[in-house]
Structures are given as C-alpha cells and as structure tokens.
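Here's the letter readout for the chains.
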Amino acid sequence: MRILGIDPGLGITGYGLIDINGDNFRLIEAGAIRSHQSESIDNRLSEIYQKLIRLIKETKPDVLVLEELYSHYKHPRTSILMGHARGVICLACSQCGIPLISYPSTRIKKSIVGRGHGSKEQIQRTVVSLLGLKRIPELLDVTDALALAMCHAYISKSNIKNQIVRLAR
C-alpha cells in the first residue's frame, strides 16, 4: 500500500509518501509545498492545490491521510488558516479519486510514540528511527506528514488483524 501523509499549512504543507510491505516501511518521497506570505490567500491556496495535484498524479498514492482540524482557544486564526489549506487538500483528494482518512493528533502521536501527547521532536526522532533515515528532515512539517502516513499503516494493519480474528471465530 502507498500512503501519502499531508500536514496542512498555509505557509508550509508537509508531505510524506511511504510504501508498506508487511511490517516494513519504505520512504518514497518527502518534502514541503510552500506558499509565499506576500501572495494573496487565493493565490496561495491555488498554488498548494496545483502542486498537490501534480504530486498525487506523479506518485499515485492509494490513500491520503490528514490530521483532523484542531483549534486552540489562544490561536483561532492558525486553525482557520490551516482549515483553508486543508480544504484545498480535501478537494484535490476528491478530484483525483483517492480515499481520504483523518485522525486526531492524539491518535497519531499514540501510534508513533506510544502516548497521545508526545512532542513534535519526539515524533521526529521516532519517524527518523523507524524509517532508518540518515539525516533528520529540516522541517517538522515533513516528519509530521510521515507520522500521519505511518499511523495509518499501523491502524490499517491492526484493523485487518481484527477482521481476520473475527472471521476465524
């Protein structure tokens, strides 16, 4: 299965594409889609959309995984801006006919570091270790996107095992 994790942001949208085969993860591609703050919001969203469509068409993922939207009461503007980026990502996913999966941040953290409130740095170290990367990605947005993809791999595998156990009964 090929899984594309996306960490949405208006300025930086991180992405990470992995293949899974049994218990093994293989990094295919990871990076960031950037938009410039000097541009209007409509141009920035258009740029994210167009680059994501190109990425999806070139890499052909089986599923796209996003973090569920979370709003902190101290920073509502951040979640609104992320919501705009998340919206064009959902649109691109629909336009390309790819299944879209969302998980809350606590579920992602728990599947990667074993507890629902791990730090971004802890997630980064774990992702780097599990993928056997020689260097740490420069942006946390990239390791967050990879964590999304890996989380889905773990959850999918667990769901398949549970279905097999139920069928065996």
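Here, the structure is the one placed above.
The structure contained in this document is the topic of the report that follows.

## Some remarks on the overall build of the protein chain
Then step 1. Tallying secondary structure elements over the protein chain gives five helices and five strands in all.
Then step 2. Ordered by position in the sequence, the α and β elements of the protein chain form the string β-β-β-α-β-α-β-α-α-α.
Then step 3. Considering only C-alpha atoms, the protein chain reaches an extent of 55 × 35 × 35 Å along its principal axes.
Then step 4. Taken over 169 residues, the protein chain has a buried fraction of 42%.
Then step 5. For the protein chain, contacts bridging at least 24 residues in sequence account for 60% of all contacts bridging at least 6.
Then step 6. Total accessible area on the protein chain is roughly 9600 Å²; 51% of this is exposed by carbon and sulfur atoms.
Then step 7. Of the charged side chains in the protein chain, 23 are positive and 15 negative; the average position of the first set lies 7 Å away from that of the second.

## Let's talk about the nonpolar core
Then step 1. By size, the foremost hydrophobic cluster in this structure holds 23 residues, and its most contacted members are I3, I18, F25, I112, V127, L131 and M150.
Then step 2. Residue assignment for this core shows that the elements contributing at least two residues are β2 (12–21), β4 (63–67), α3 (105–113), α4 (120–131) and α5 (140–168).
Then step 3. With nine residues, α5 is the largest single contributor of residues to this core.
Then step 4. Look past the residues within four positions of M150 in its chain and what remains in contact with it is I18, F25, I112, V127, L130 and L131.

## Overview of the pattern of salt bridges
Then step 1. Applying the stated criterion to the full structure yields four salt bridges.
Then step 2. D144 is paired through a salt bridge with K120; the nearest N and O atoms lie 2.3 Å apart. Of the two residues, D144 is situated in helix α5 and K120 in helix α4; the sequence distance between them amounts to 24 residues.
Then step 3. Residue classification places K120 among the partly exposed residues on the basis of a relative accessible area of 40%.
Then step 4. Salt bridges sharing partners connect three or more residues here, namely R2, D19 and R26.

## Regarding the sheet that holds β2
Then step 1. Read across the open sheet, the five strands follow the order β3-β2-β1-β4-β5; overall the sheet is mixed. Every other strand in the sheet has two partners, leaving β3 (24–34) and β5 (100–103) as the edge strands with one partner each. Ignoring strand direction, the axes of neighbouring strands in this sheet form an average angle of 20°.
Then step 2. Where strand β1 (residues 2–7) and β2 come together, six bridges link them in antiparallel fashion. Bridging from a neighbouring strand, I3 pairs with I18 of β2.
Then step 3. Here helix α1 (residues 41–59) sits on the sheet and contacts β1, β2, β3 and β4; the angle it forms with β3, its principal contact strand, is near 155°.

## Brief notes about helix α2 (residues 76–95)
Then step 1. Compared with an ideal rise of 1.5 Å per residue, which puts 20 residues at 28 Å, α2 spans 29 Å between its outermost C-alpha atoms and is within 8% of the ideal.
Then step 2. When α2 is considered as a whole, its buried residues turn out to be S79, M82, A85, R86, V88, I89, A92 and C93.
Then step 3. Once α2 ends, the next one or two residues include G97, with phi positive near 70°.

## Some details on the pairing of β1
For a regular strand, side-chain orientation follows a simple rule: the groups alternate between the two sheet faces.
Then step 1. Most of β1 sits out of view: five of its six residues are buried.
Then step 2. Bridge analysis of β1 against β4 gives four bridges, and the strand direction is parallel. Its bridge partner being in β4, L4 is matched across the sheet by L64.

## So, the packing of aromatic side chains
Then step 1. On inspection of all chains with the given rule, the structure shows one aromatic pair.
Then step 2. A ring pair is formed by F25 and Y154, whose centres lie 5.4 Å apart and whose planes are at 85°; its orientation type is edge-to-face. In this pair, F25 is assigned in strand β3 and Y154 in helix α5, connecting sequence segments 129 residues apart.
Then step 3. Look at F25 and you get buried, because its relative accessible area is 19%.

Rules of the game
Residues numbered from 1 in each chain as written. Predicted model: local features only at pLDDT ≥ 70, side-chain atom pairs only at ≥ 80, totals over all residues. Heavy atoms only, no water. Helix = DSSP H or I, 4+ residues; strand = E, 2+ residues; numbered from the N terminus. Buried < 20%, exposed > 50% of the residue type's maximum accessible area, 1.4 Å probe, protein only. Contact = heavy atoms within 4.5 Å. Areas by Shrake-Rupley, 256 points an atom, 1.4 Å probe, with all protein chains shown as cover. Lys, Arg positive; Asp, Glu negative; His and termini not counted. Charge placed at Lys NZ, Arg CZ, Asp CG, Glu CD. Core = buried A, V, L, I, M, F, W, Y, C linked by side-chain atoms within 4.5 Å. Salt bridge = Lys/Arg side-chain N within 4 Å of Asp/Glu carboxyl O. Pairing = 2+ DSSP bridges. Axes fitted to C-alpha atoms, helices over the stretch in contact; angles between N-to-C directions. Expected span 1.5 Å × (residues − 1). Phe/Tyr/Trp six-rings, centres within 6.5 Å; stacked < 30°, edge-to-face > 60°.

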